[in-house]
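Below are the chains, spelled out letter by letter.
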Amino acid sequence: MPLTEERQSVFLLAGGLLLLVMLAGVLVGPAAISLADLLRALVQPLWLFGTDGATGTAQLSWQSVVIWQVRLPRVLTGAMVGAALAVSGAVLQGLFRNPLASPSVLGVASGASLGAVLAIFFGLAATQIWALPLFAFIGALLTLFAVYGIATRGGHTPVATLLLAGIAAGAFNVAMSSFVLAVALENWEVGKSIVYWTMGGLEGRTWDHVLLIAPFLALGLAVAMAYPRDLDALLLGETQAASVGVDVVRTRLVLLLVTALLTAAAVAVAGGIGFIGLVVPHIVRLLTGPHHRLLLPLSALTGALVLVAADLALRMMFKANDIPLGVITAALGAPFFLFLLLRQRGLVSL
Amino acid sequence: MLPSPERGSMSRADPATPLLQARGLGMDFGNGPVLDGIDVDLRPGKMVGLIGPNGAGKTTLLSLLMGLLLASTGEVWVAGRRVSALSRRGLARIMALVPQDLEIGFAFRVREVVAMGRYPYLGRFQVAGATDLAAIDKAMALTGVDVLADRTIDTLSGGERQRVLVARAIAQQTPVVLLDEVTANLDLSHQLEVLELAAHMAAEGRLVVAAIHDLTMASRYCDRLLLLADGRLQVDGPGHAVLTPAHLRRYFGVDARIDDAPGHSGLIITPRLPRTAD
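A few points on the structure. (Residues numbered from 1 in each chain as written. Chains lettered and ligands numbered in written order. Predicted model: local features only at pLDDT ≥ 70, side-chain atom pairs only at ≥ 80, totals over all residues.)

Re the pairing of strand β3 (residues 47-51) of chain B
Residue and element names in this part refer to chain B. Counting buried positions along β3 yields five of five residues, so the element is predominantly enclosed. Burial of β3 is two-sided: the residues M47, G49 and I51 facing one way and the residues V48 and L50 facing the other way are all buried. Relative to strand β8 (residues 207-211), β3 runs parallel, the two sharing four bridges. Within β8, the residue paired with L50 across the bridge is A211. (Buried ≥ 20, exposed ≤ 12 C-beta atoms within 10 Å, placed from the backbone. Helix = DSSP H or I, 4+ residues; strand = E, 2+ residues; numbered from the N terminus. Pairing = 2+ DSSP bridges.)

Now the structure itself:
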């Protein structure tokens, strides 16, 4: 189906808003930066000069340094984390035919956190850049398959069981993370880095973080975008999907891997940031309808928009002390989740 | 060989050779056999009714025919190939399914649901072409859901929704169409509409296999009935031969009076509970 003008305008709107918010994210901060500074910085990219070379830095204004070393990586990391979480949520909601599924509700995010905490605890994260995301991925994957396996009986996955299994797995993951932290506290340096990391957020994110998440986001998004029809058909049920030629088992396996990958990448660079994966696809679905060909890319754009905006709002409201970003997404997302639950219950009892 | 794997036309269906075959088909989920020793040959151009009491194994048989379940024993063959050896996509070009009344809680438009019938013919990034659009239009016109094209599926009545799902099966252009209790929740006029469409598909040369509870409707619309009870195929034949007082007594546990229906070739079945001895 070709994109109608109406749908094109939704994409343009979301894309335009995202660019605006990202622009604001670069300009707003403790050090005042003007649009002119930004334009000047963009034509003298820092990486061409090297980040530590004295000659390079000497040629750059302090505004350019702030833009290239602080603001841009922070905004880009935020955008990609938001996109990864939102796409992950959209895919999970399609796979499970349920708008209440999400990486955090299903315990996948806390699984990724536990993996990351273990990587820090054993000192692997400090020496190997790939250790933390790899452990996060393994944690996310194990949790996802455990929750799914526990909740599936005879080919059916009842939503109530799924959510309960997800909550149980999440609680287990959080408990294990706390246990590791408690043990780690004997060594204050390790304990501190775990605490710092667990709180989540975009503070001090660098190009390393951007480069870490970018390939995973690109890969995850590319694979997910190959399955919009399969996801659409799955919304009618597994038998229905199979009857129009969807290989349900394989599709589910591939897409579960994709969501674990996206969630793990997001958690690895930004820590625990909840509710984006739950709320964003739900809002987007209200605008576009259930088609995944629109839902997935628009969720990516909107997820990026929401997270960059939340980070921006946080920086503007609490200038001095850093409140973790995960706090604000949970503070806004949790009531929304409750609203969804109550609304769904209301519909069922009618 | 697949019957025209590209666009699934039925023109080459030969009424003499069986299109769908089961040999020694059995299913055991671990608590004793649900189905046992099913042998059938089903030919194109026929509407075949699958009847039997609740728990007889009708749904399991349909799932095995569709390759949704892996048989414990025996094998299903469709168009000369083992069902277990075909991909889901390959199977979806041969067999379509119209499900039992399906609640769809997502706001797909009617046209989009019908278009799902073309998925087996489209590559991952391929957009529906002229052939696909023509098949969708034709199926919607035939089932009368063209007037609902832009409505969302979650706002339709049960009868309308069922016609949309029939339209999807027609758009799929498969030589075999399976119907799973499609009239179960429909009022009389919608039952007739859906069964007429099924009969039309059979008249066009498709093989239609319909699990159906209503024996009067079954006798009226089906060319052949398969009576399933206790996991076995008990009786197989035309309506008059299958629907006898003795069979209804034995397999359904009812006393029944059976009359020729005036005006059509079916039967009128008037069941009542048997009088118990004490």
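Remarks on helix α5 (residues 158-171) of chain B
All names here are of chain B. Taking 1.5 Å of rise per residue, the 14 residues of α5 would be expected to cover 20 Å, and the 20 Å separating its terminal C-alpha atoms lies within 8% of that figure. Among the 14 residues that make up α5, 11 are buried, leaving the element largely enclosed by the rest of the structure. Here α5 has its buried residues at R161, Q162, R163, V164, L165, V166, A167, R168, A169, I170 and A171. Where α5 is buried, its residues touch β6 (95-98), α3 (110-115), α4 (130-143), β7 (176-180) and α6 (188-203). Downstream of α5 by one or two residues, Q173 has phi in the positive range, about 50°. (Expected span 1.5 Å × (residues − 1). Contact = placed C-beta atoms within 7 Å.)

Quick notes on unusual backbone geometry
Peptide bonds are, in most cases, trans, and in most cases residues other than glycine have a negative phi. In this structure, F275 of chain A is a non-glycine residue whose phi angle is positive, near 75°. Among the secondary structure elements, F275 of chain A is positioned in the loop between α14 (248-270) and α15 (276-288). On the basis of neighbour count, F275 of chain A is assigned to the buried category, with 26 C-beta atoms found within 10 Å. Residue E181 of chain B is not a glycine yet carries a positive backbone phi of 50°. Mapped onto the secondary structure, E181 of chain B falls in the loop between β7 and α6. Residue classification places E181 of chain B among the partly exposed residues on the basis of 19 C-beta atoms within 10 Å.

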